[in-house]
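Overview (structure and organization)
This is what each chain is made of:
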Amino acid sequence: MIDLATAIELVERTAAALPPRRQRLLEALGRRLAEAVVADVDSPPWDRAMMDGFAVRSADLVDRCGDLVELDVVADLVAGDVTTRPIPAGGCARIMTGAPIPPGADAVVPIESAVEGTAAAHAGARVRLREPRFRSGQHVGRRGAAFRAGQEVVPAGAILTAAGVGLAAEAGATHVVAAARPRVAILSTGSELVPCEEVPTHGRTRNSNGPMLAAAMAALGAEPMSLGIAADRPEAIRAAVSQGLAADVLVLSGGVSAGDLDLVPEIFAACGVEKVFHKVRLKPGKPVWFGRLLRGDGASQTLVFGLPGNPASSLVCCELFVRPAIAILAGQPPDRWHLRRCPGTLTAPARAAVDRPVYLPCRIASTGRGLAVTPLPWTGSSDLVSLAVADGLVALPAGAQAEPGLAVDVLVFPEEDGDPPA
Ligand code: AMP
Ligand code: MG
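The following refers to the structure shown. (Residues numbered from 1 in each chain as written. Chains lettered and ligands numbered in written order. Predicted model: local features only at pLDDT ≥ 70, side-chain atom pairs only at ≥ 80, totals over all residues. Heavy atoms only, no water.)

So, on to the site of ligand 1. As a matter of local geometry, ligand 1 sits amid 18 residues, with Glu192, Asn207, Gly255, Gly309 and Asn310 nearest to it. Between ligand 1 and the protein, one listed contact pairs a nitrogen atom with a backbone N or O atom of Asn209 at 3.3 Å. Separating an oxygen atom of ligand 1 from a backbone N or O atom of Asn310 is a distance of 3.1 Å. In isolation ligand 1 has 480 Å² of accessible area, and contact with the protein removes 77% of it. (Near = heavy atom within 4 Å. Polar contact = N/O pair within 3.5 Å; in protein donor to acceptor, adjacent residues only side chain to side chain. Areas by Shrake-Rupley, 256 points an atom, 1.4 Å probe, with all protein chains shown as cover.)

Turning to its location among the elements, Pro324 is positioned in helix α7 (residues 311-329). Along the backbone, Pro324 and Ile8 are 316 residues apart, and their C-alpha atoms lie at a distance of 8.3 Å. Every residue in contact with Pro324, bar those within four places of it in the chain, is listed here: Val11, Glu319, Trp337 and His338. (Helix = DSSP H or I, 4+ residues; strand = E, 2+ residues; numbered from the N terminus. Contact = heavy atoms within 4.5 Å.)

Time to look at the pattern of salt bridges. The tally for this structure, following the rule as stated, stands at 17 salt bridges. The salt bridge partner of Glu274 is Arg292, with a shortest N-O separation of 3.7 Å. A residue pair is termed long-range when its members are at least 10 positions apart, and Glu274 in strand β18 (residues 274-278) and Arg292 in strand β20 (residues 289-294) qualify at 18 residues. Beyond isolated ion pairs, a larger network of salt bridges with shared partners links Glu70, Asp72, Glu116, Arg126 and Arg128. (Salt bridge = Lys/Arg side-chain N within 4 Å of Asp/Glu carboxyl O.)

Attention shifts here to the sheet that holds strand β6 (residues 68-77). Pairing is mixed across the open sheet formed by 5 strands, whose spatial order is β8-β5-β7-β6-β9. Of all strands in the sheet, those bounded by a partner on one side alone are β8 (107-110) and β9 (126-130). When the angles between neighbouring strand axes are averaged without regard to direction, this sheet yields 45°. The sheet contact formed by β6 and strand β7 (residues 91-95) spans 5 bridges and is parallel. Directly across from Val73, in β7, lies its bridge partner Cys92. (Pairing = 2+ DSSP bridges. Axes fitted to C-alpha atoms, helices over the stretch in contact; angles between N-to-C directions.)

It is worth stressing that arrangement in space is one thing and function is another; only the former is reported here.
Spelled out as structure tokens, the structure:
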């Protein structure tokens, strides 16, 4: 059995950033680009109307600001229409936003500047325009004004945002090369487990770890792949583990402690997974197993976590060990590897353990004198009720007198909207 700090350090040392991957635009949202996005077209792709109005020749209006100018409407153009017929002197085209400026025209007079009831003038009619401050080129989006074909529109190193996705899409990129989203296979072991859609009969337990661990992985920006449930039979576990070893990370739950059917460590060994540690001085989560499968090429590996089956233990181990592994694989900087750790003060007694640190669900409140940390009622390692509404985990050192006033550390859960509560 090893100390928690040593175990975390071993995870940090074993995990390594994955090489960037080519991925679909939407998958890369929020990830750092490893290669710039290069445009395959100009934007705007041609000179285009930026307002609804009349496409005119500047020569017909340029010295006549404020005068009444009457022009023949020779064409009607809406977005998507294209014409090759030049606008003659004294003529104009009725044009809607987004349509290409026809040959000969070089400015747009907004529809609001049509006077004397001529705003509705279509091809064949005449329009009277009064433009108080006309300038050549007005309301025309010039071809290539935003970017040119061949130009880097989103630089390498940028985080892909929604606007970046839009820009890359406009620039013709269906895929980008960005920091890899780690693929995480999730496997629940236990002959007693039933899918969560079922009502468990006597002796059976719903596989709550499966969806919980998938959710935790999704929240970390990883790509969860559910392998479902494997019964406690060596062949069943081995087949599922072999499948999971194709992923970047295999997160398995159950079967890693000391019971008769805790077959997982042996199966990992039989599959060539090298053990890094098994059992950590920690409550809950003592039986946790960690190792890796080095692939034939010597460069790539699958990280393998065997989490305890009890859901609260599983989640605590996921936060302490799997979280940093995913962050490291995704190439995140060290300050993003772990839950934020803050000092606080205990407001109520809690049950510490003599032999190992305890991590309990808690509420965290900001006060004038720092963080007030209140342990939530918790019946043990199968109990998710408090964890589901906790602000974080309070760390009680081994042997602590966990009375009100004790200085403690808390690990703060990120909030749904990204802002931690304190
Ligand atoms: P184990 O770690 O396999 O000894 O399981 C410890 C406890 O956790 C047992 O009560 C199991 O029924 C329960 N358990 C194991 N796996 C799961 C799971 N996927 N979802 C919910 N409970 C589980
Ligand atoms: Mg079991």
